[in-house]
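# Summary of structural features
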Amino acid sequence: MPLIFDSIDDIVVCQSGADVNNIATVSISLWFRPDSFGEISFGRVFDKNASVKAWYLASGGNYVGSMGWVHGFSTTLGEWRGPSGMISSGVWTHMVVTYDNGATTNDPILYKNGVSQAITEISTPVGTASADAAGTMMIGNRAAGDRTFDGGIAEVAVWNAILTSAQVQDLTNGASPLAVASTSLVRYYPLWGKNSEEPNLPQHSGRIGSISGAVHAGPNSGFALGVTVRAPVSWWRGGGQRY
């Protein structure tokens, strides 16, 4: 049962922590079912301090039904996109992005269902990588609340390492992030439902944060993974409501 975002104002705010600040080599994995390209056709799936680290769907301008990755640099930010038409509306898809900000010549690697995608560089980074510690990690939106995702998101995971293509394929085939490069896993948010295991995972010491607006899909969401759920626990919803 994934979280469903409404393309208007929904957001998951993850708790702050040094484990997700200024990650130089990062990998992010998630499953999503976009129903459109989101608010103003630039729906965020992941955000850390706005344009310092951002991963989004886009349609329009330099994008035609694609996904983009942005990373801030001291002089000019870096921006890249995947191939046109890579987004399939209404279909559950596994996506991974990996990026090493240690050199301006590095490009992100974008995977769709385990297959590396062609990357186009829209803006070449110049300078040194910007710090993102001042920003909170978000899922499904950015802090300003004006880039809301439209559709379902589940199984969000962040590593402080570059996943290999074989590890990405394992995730696409249904492996839990807990079983893939586990020593480098810093955050994992299944977003499965009210019995989701978020706060009980040692990888992030209960840093679920809060959910605003987004609701859990019912059993007919079409999303299913062969992953064993640990002991169910309650967790906090935005507005202080426990459920």
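Here the structure is shown first, and the text comes after it.
Here's a quick rundown of the structure. (Residues numbered from 1 in each chain as written. Predicted model: local features only at pLDDT ≥ 70, side-chain atom pairs only at ≥ 80, totals over all residues. Heavy atoms only, no water.)

With that settled, consider the overall build of the chain. If you tally the helices and strands in the chain, you get one helix and 18 strands. Considering the chain as a whole, with its 243 residues, one finds that 51% of them fall into the buried category. Intrachain contacts of the chain at a sequence separation of at least 6 include 68% that bridge at least 24 residues. Summed over all atoms, the accessible surface of the chain reaches about 9,300 Å², with 50% contributed by carbon and sulfur. (Helix = DSSP H or I, 4+ residues; strand = E, 2+ residues; numbered from the N terminus. Buried < 20%, exposed > 50% of the residue type's maximum accessible area, 1.4 Å probe, protein only. Contact = heavy atoms within 4.5 Å. Areas by Shrake-Rupley, 256 points an atom, 1.4 Å probe, with all protein chains shown as cover.)

This part covers the nonpolar core. Judged by nonpolar contacts, the single largest core of 33 residues is most densely connected at Phe32, Val45, Trp55, Met67 and Ile153. Broken down by element, the residue count for this core peaks at four residues, all from strand 3 (residues 25–34). With residues up to four places along the chain from it excluded, the contact list for Phe32 reads Val45, Leu57, Met67, Ile87, Val91, Trp92, Thr93, Met95, Phe149, Gly152 and Ile153. The next biggest cluster of nonpolar side chains, apart from the first, holds 11 residues, and it includes Trp159, Val168, Leu178 and Tyr188. (Core = buried A, V, L, I, M, F, W, Y, C linked by side-chain atoms within 4.5 Å.)

Another point: unusual backbone geometry. Phi at Ile40 takes a positive value of approximately 45 degrees, unusual for a residue other than glycine. Under the relative-accessibility criterion, Ile40 is labelled exposed at 55%. Positive phi is not limited to glycine here, since Glu155 has a value of about 55 degrees. Along the polypeptide, Glu155 turns up in strand 13 (residues 150–159).

Tracing the sequence through the fold places Asp146 in the loop between strand 12 (137–139) and strand 13. Given the relative accessible area of 25%, Asp146 is considered partly exposed. Note: C-alpha distance between Asp146 and Gly38 (108 residues apart in sequence) is 9.7 Å. Discounting residues that sit within four places of it in the chain, Asp146 has contacts with Glu39, Ile40 and Asn141. Within the structure, the side chain of Asp146 is placed 2.7 Å from the side chain of Arg142, a separation counted as a polar contact. (Polar contact = N/O pair within 3.5 Å; in protein donor to acceptor, adjacent residues only side chain to side chain.)

Function-wise, these values are silent; they only describe arrangement.
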